[in-house]
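Topology and contacts: notes
These are the residues of each chain, in order.
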Amino acid sequence: MSKAVCPTASPIKNAPMPSVLVVDDEPAMLEMFRDIVTSDVACKLHVAKSMAEARKVLTRQSIDVMVADVMLPDGDGMDLLADLKLTSPNAGVVFMTGKPSVEQTMYAMRHGALDYLPKPFSADQIRTHVKDAIQRQQIAARNERRLTKLKTAVRELNKARRTVSQKVDLLCNDLVNAYGEVSTQMQTLRVQESFRRTVEQSHDLEQLLCHAMDWLLKEAGYCNIAIWLSGQEDNRFELGAYMKYTLVGEKKVTAALQKALVQPTVQEGFLHLSDSELAHMLSPADKKLIPAQTVMSASCTYLGESLAVVAMLRDGKCPFKDEDVAMFRAIATVFATQLASAVHGGSDERANDESSEAENPSADDVSDTPWADENTDKKPKNRKPKDQSDADWWKRGEPPPF
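Because the structure is predicted, anything quoted here is derived from the model rather than measured.

**A look at the overall build of the protein chain**
Looking only at helices and strands, the protein chain features ten helices and twelve strands. Sequence-distant contacts, at least 24 apart, represent 63% of the contacts inside the protein chain between residues at least 6 apart. Accessible surface, the protein chain as shown: approximately 23600 Å² in total, 53% of it carbon and sulfur.

See below:
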């Protein structure tokens, strides 16, 4: 009984020379295979007379096609299938038998046999079956290699996809962070511009302080605000303005705040303290004057010099938010710039006034000039020197005029 054989196809190009194992206990059958297969089929032929010899060949040699008799002296040739699959899983198998049966044929096919060849058979049948088995094995081996390459390519693609996905995630995170930073910077600029528009309308130092405190209250809500201005002496600050919300502006209170906050703020640049943190900086007596207050304080620095320290305080149960801290940090430099502008602007105006008086002396100053009439009875009037503007009281260390 024989399975129908497909027409013999042409050998696959660049395929390695196949190895064929013939297992049969009849010497004449082995000789016929030697003559026919080696002359008509390009392959390496190995022969075995028993299952033991066949197993020895399988352990030392990769086999592409095995042609084995079912009835061998030391066992059933079909048992060689298991040994063949261990060493050459893609090998093709053709079984031969002198007593074919349907059961044997079905068993052989279910266990991977390519063909089932009944004895006796002709030389053409041997040639055709062997060539066909080699061809199918080569096709199967080629497909297996392609499948292996495809699996490898898929694994590499998956690795590349994961790498690209990770890079895209990192890029997206960078873009999100960059957008957040730009948004924060834009918000800082909006806050600074809003504060600048408010305080630059001030005509003198008093208005500047009042406008600054009003703007802070609108942005951060009700709180106590204290502004200390630097004096002419190093590290000396005087209270320039105080706005009461819950803490009265008594001298004992403002002095306690100045002692606790001014110098640490100048050193650190910015402080944000909870009520317990502020309490650690106060003496027992001062804690009674300033109970449970959370505070923000900023040093307003211009060209390396701290011109003012601004502090905002309110009840610790209503702490300042992160946006309040960001706002307060943002306006500190703007406030310092406006303070410097107010001081320098006043100095420029006084210099202009003095220059005008030198060119056009008034009647009050005639007696002081070298060409004044000795007999004149006019005397200079008592008036405040030109270089003592009310707006400069804080630079001279004087008490505030308001």
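Here the narrative resumes, following the displayed structure.
**Observations concerning the packing of helix 2 (residues 51-60) against helix 3 (residues 80-87)**
Relative orientation of the contacting elements helix 2 and helix 3 amounts to 10 degrees, with a least axis distance of 10 Å. Compared by their axis directions, helix 2 and helix 3 come out roughly parallel. Between helix 2 and helix 3, the contacting residues are Met 51, Ala 54, Arg 55 and Leu 58 on the first element and Leu 80, Asp 83, Leu 84 and Thr 87 on the second. Partitioned by chemical class, the residues of the contact of helix 2 with helix 3 number five nonpolar, one polar and two charged.

**Here's the deal with the nonpolar core**
Counting residues in hydrophobic clusters, the biggest one holds 38 residues, and the most contacted among them are Leu 216, Ile 225, Ile 227, Met 312, Phe 328 and Phe 335. Those elements that place two or more of their residues in this core are helix 5 (123-199), helix 6 (205-220), strand 8 (224-230), strand 9 (237-243), strand 11 (293-302), strand 12 (305-315) and helix 10 (322-359). Each residue touching Leu 216, except ones within four places of it in the same chain, is listed here: Gly 221, Ile 225, Val 310, Met 312, Met 327, Phe 328 and Ile 331. The next biggest cluster of nonpolar side chains, apart from the first, holds 22 residues, and it includes Leu 21, Val 23, Met 51 and Leu 58.

**Side note on the packing of aromatic side chains**
The final tally for this structure, using the stated rule, is four aromatic pairs. Measuring from centroid to centroid gives 5.1 Å for Phe 195 and Trp 215, while their planes differ by 75 degrees, and the two rings are edge-to-face. Of this pair, Phe 195 sits in helix 5 while Trp 215 is found in helix 6, placing the two residues 20 residues apart along the sequence. The class for Phe 195 is buried, based on a relative accessible area of 1%. For Trp 215, a relative accessible area of 5% translates into the label buried. When the centroid spacing of 5.6 Å and the interplanar angle of 20 degrees are considered together, the rings of Tyr 222 and Tyr 245 count as stacked. In this pair, Tyr 222 sits in the loop between helix 6 and strand 8 while Tyr 245 sits in the loop between strand 9 and helix 7 (251-268), placing the two residues 23 residues apart along the sequence. On the accessibility criterion, Tyr 222 (62% relative accessible area) is exposed. Of the aromatic side chains, those joined through ring pairs into one cluster are Phe 195, Trp 215 and Phe 335. Taking NZ or CZ as reference, Arg 329 lies 4.2 Å from the ring centre of Phe 270, over its face.

**Considerations on helix 7**
With 18 residues, helix 7 extends 25 Å between its outermost C-alpha atoms, agreeing within 8% with the 26 Å of an ideal straight helix rising 1.5 Å per residue. In the structure, helix 7 departs most strongly from a straight axis at Gln 258, where the bend amounts to approximately 35 degrees. Taken together, the buried positions of helix 7 are Val 253, Thr 254, Ala 256, Leu 257, Ala 260, Leu 261, Val 262 and Thr 265.

**Quick word on the side chain of Asp 24**
The topology assignment puts Asp 24 in the loop between strand 1 (19-23) and helix 1 (27-40). Aside from chain neighbours lying at most four places away, what touches Asp 24 is Met 29, Leu 30, Ala 48, Lys 49, Asp 69, Leu 72, Met 96 and Lys 119.

**Brief notes about the sheet that holds strand 11**
Across the sheet, five strands lie side by side as 9-8-12-11-10; this open sheet has antiparallel pairing. A strand with exactly one partner marks an edge of an open sheet, and here the two such strands are strand 9 and strand 10 (270-273). On average, each strand axis in the sheet is inclined to that of its neighbour by 15 degrees, with strand direction left out of account. Sheet topology places strand 10 next to strand 11; four bridges connect them, and they run antiparallel. Directly across from Leu 273, in strand 11, lies its bridge partner Val 295.

**Observations concerning the confidence of the model for the protein chain**
On average, residues of the protein chain carry a pLDDT of 80, and 80% of them reach 70 or more. Low confidence marks residues 1-9, where pLDDT is under 50. Its contacts with residues over four positions away, or in another chain, come to 23 contacts. In this model residues 346-387 is a low-confidence stretch, pLDDT under 50, and it forms 16 contacts with partners more than four residues away in sequence or in other chains.

**Things to note about the pattern of salt bridges**
Evaluation of the coordinates by the stated rule reveals nine salt bridges. Measuring nitrogen to oxygen at the nearest pair gives 3.6 Å for the salt bridge that ties Glu 31 to Arg 34. Pair noted here: Glu 31 and Arg 34 are both in helix 1, with a separation of three residues, about one helical turn. We note a salt bridge from Arg 236 to Glu 238, for which the minimum N-O separation is 3.0 Å. Salt bridges linked by common partners bring Glu 193, Arg 196 and Arg 197 together as one network.

Criteria and cut-off values
Residues numbered from 1 in each chain as written. Predicted model: local features only at pLDDT ≥ 70, side-chain atom pairs only at ≥ 80, totals over all residues. Heavy atoms only, no water. Helix = DSSP H or I, 4+ residues; strand = E, 2+ residues; numbered from the N terminus. Contact = heavy atoms within 4.5 Å. Areas by Shrake-Rupley, 256 points an atom, 1.4 Å probe, with all protein chains shown as cover. Axes fitted to C-alpha atoms, helices over the stretch in contact; angles between N-to-C directions. Parallel < 35°, antiparallel > 145°, perpendicular 65-115°, else oblique. Nonpolar A, V, L, I, M, F, W, Y, C, P; charged D, E, K, R; others polar. Core = buried A, V, L, I, M, F, W, Y, C linked by side-chain atoms within 4.5 Å. Buried < 20%, exposed > 50% of the residue type's maximum accessible area, 1.4 Å probe, protein only. Phe/Tyr/Trp six-rings, centres within 6.5 Å; stacked < 30°, edge-to-face > 60°. Lys NZ or Arg CZ within 6 Å of the ring centre and 35° of its normal. Expected span 1.5 Å × (residues − 1). Bend = angle between axes of the 7 residues up to and from the residue. Pairing = 2+ DSSP bridges. pLDDT = per-residue confidence, 0-100. Salt bridge = Lys/Arg side-chain N within 4 Å of Asp/Glu carboxyl O.

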